[in-house]
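Take a look at the letters that make up each chain.
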Amino acid sequence: MNSDSDLQIAGDILEVPHLLQPPREHPATVAEFVGLARSLAADRPRWEHLVRYDASSRWYHRLLAAPGYEVWLLSWVPGQGSGLHDHGRSAGVLTVLDGVLTEHTERGVRTLTTGAERVFAPGYAHEVVNDTLEPAVSLHLYHPGLTEMPMHPAAPHCEARTEPRTLTV
């Protein structure tokens, strides 16, 4: 029986730098993108002073753009909504920073309170609405960066997915 352990055979991996993976400059996994969204959400001084409220349309500001992804800050006054849409070829993470938003999908309705996160794949259709009496703020991370937001005809309670109409952003 061989008594040598793998460590004795290979040596201390920390002593063999060429075997170590270089640290990633940008997120590359769903968990890393969620981690980035959580980190930005927790860094209130980074985004709070940028928020504006616009009664005529949803306000948005690109908070961060990097190779392969971008992050948007959105505000929602009572009654504002996104309309039924998807994000084209982009996957994403939606995080509620302040207030309450309601998400409507073909599967039903979900209330998103402060701190709630939603992770979605390309083609995921939903409508987000502020149906409360208080404003709300959300963070949206898209990978790759958002290049289109196909709008879908309104459907009662988003029960049926329909052919998209493309709105280029």
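Note that the structure is predicted; figures quoted are calculated from it, not measured.

Student: Tell me about the overall build of the chain, and please be specific about residues and values.
Tutor: The helix and strand inventory of the chain stands at three helices and eight strands. When its helices and strands are written in sequence order, the chain yields α-α-α-β-β-β-β-β-β-β-β. Every one of the 169 residues in the chain was classed for burial, and the buried ones make up 38%. Taking the intrachain contacts of the chain between residues at least 6 apart in sequence as the baseline, contacts between residues at least 24 apart amount to 66%. Entry remark: accessible area of the chain is about 10100 Å², with carbon and sulfur atoms responsible for 55%.

Student: Describe the nonpolar core, and please don't skip the residues or the numbers.
Tutor: Counting 19 residues, the largest nonpolar core has Trp 47, Tyr 69, Val 71, Leu 73 and Leu 139 as its most contacted members. Apart from residues no more than four positions distant in its own chain, Tyr 69 is found in contact with His 26, Pro 27, Phe 33, Leu 36, Leu 64, Tyr 142, His 143, Pro 144 and Gly 145.

Student: Got a sec to walk through the packing of aromatic side chains? Specific residues and values, please.
Tutor: Per the stated rule, a full pass over the model turns up four aromatic pairs. Where Phe 33 meets Tyr 69, the ring centres are 5.6 Å apart and the plane angle is 75°; that geometry is what we call edge-to-face. Placement of the pair is Phe 33 in helix 2 (residues 30-42) and Tyr 69 in strand 2 (residues 69-76), with a sequence separation of 36 residues. The class for Phe 33 is buried, based on a relative accessible area of 6%. Centroid distance Phe 120 to Tyr 124: 5.9 Å. Interplanar angle 15°. Geometry classified as stacked. The class of Phe 120 is buried, set by a relative accessible area of 6%. Ring-pair connections join several aromatic residues into one group, and the members of that group are Phe 120, Tyr 124 and Tyr 142.

Student: How would you explain the sheet that holds strand 8 (residues 136-143) if you had to name every residue and give the values?
Tutor: Spatial strand order, 1-2-8-3-6: five strands in an open sheet with antiparallel pairing. In this open sheet, the two strands that pair with only one neighbour each are strand 1 (59-66) and strand 6 (117-120). Going across the sheet, the axis of each strand differs from the next one's by a mean of 15°, ignoring polarity. Docked against the sheet, helix 2 engages strand 1, strand 2, strand 3 (91-98), strand 6 and strand 8, running at close to 150° with respect to strand 8.

Student: Describe the pairing of strand 8, with residues and values.
Tutor: Strand 8 sits mainly inside the fold: seven of its eight residues count as buried. Of the strand pairs in this sheet, strand 3 and strand 8 are connected by seven bridges, and their pairing is antiparallel. Among the inter-strand pairings, Asp 98 is bridged to a residue of strand 8, identified as Val 137.

Cut-offs applied
- Residues numbered from 1 in each chain as written.
- Predicted model: local features only at pLDDT ≥ 70, side-chain atom pairs only at ≥ 80, totals over all residues.
- Heavy atoms only, no water.
- Helix = DSSP H or I, 4+ residues; strand = E, 2+ residues; numbered from the N terminus.
- Buried < 20%, exposed > 50% of the residue type's maximum accessible area, 1.4 Å probe, protein only.
- Contact = heavy atoms within 4.5 Å.
- Areas by Shrake-Rupley, 256 points an atom, 1.4 Å probe, with all protein chains shown as cover.
- Core = buried A, V, L, I, M, F, W, Y, C linked by side-chain atoms within 4.5 Å.
- Phe/Tyr/Trp six-rings, centres within 6.5 Å; stacked < 30°, edge-to-face > 60°.
- Pairing = 2+ DSSP bridges.
- Axes fitted to C-alpha atoms, helices over the stretch in contact; angles between N-to-C directions.

So far we have only geometry, and geometry alone does not tell us how the molecule works.
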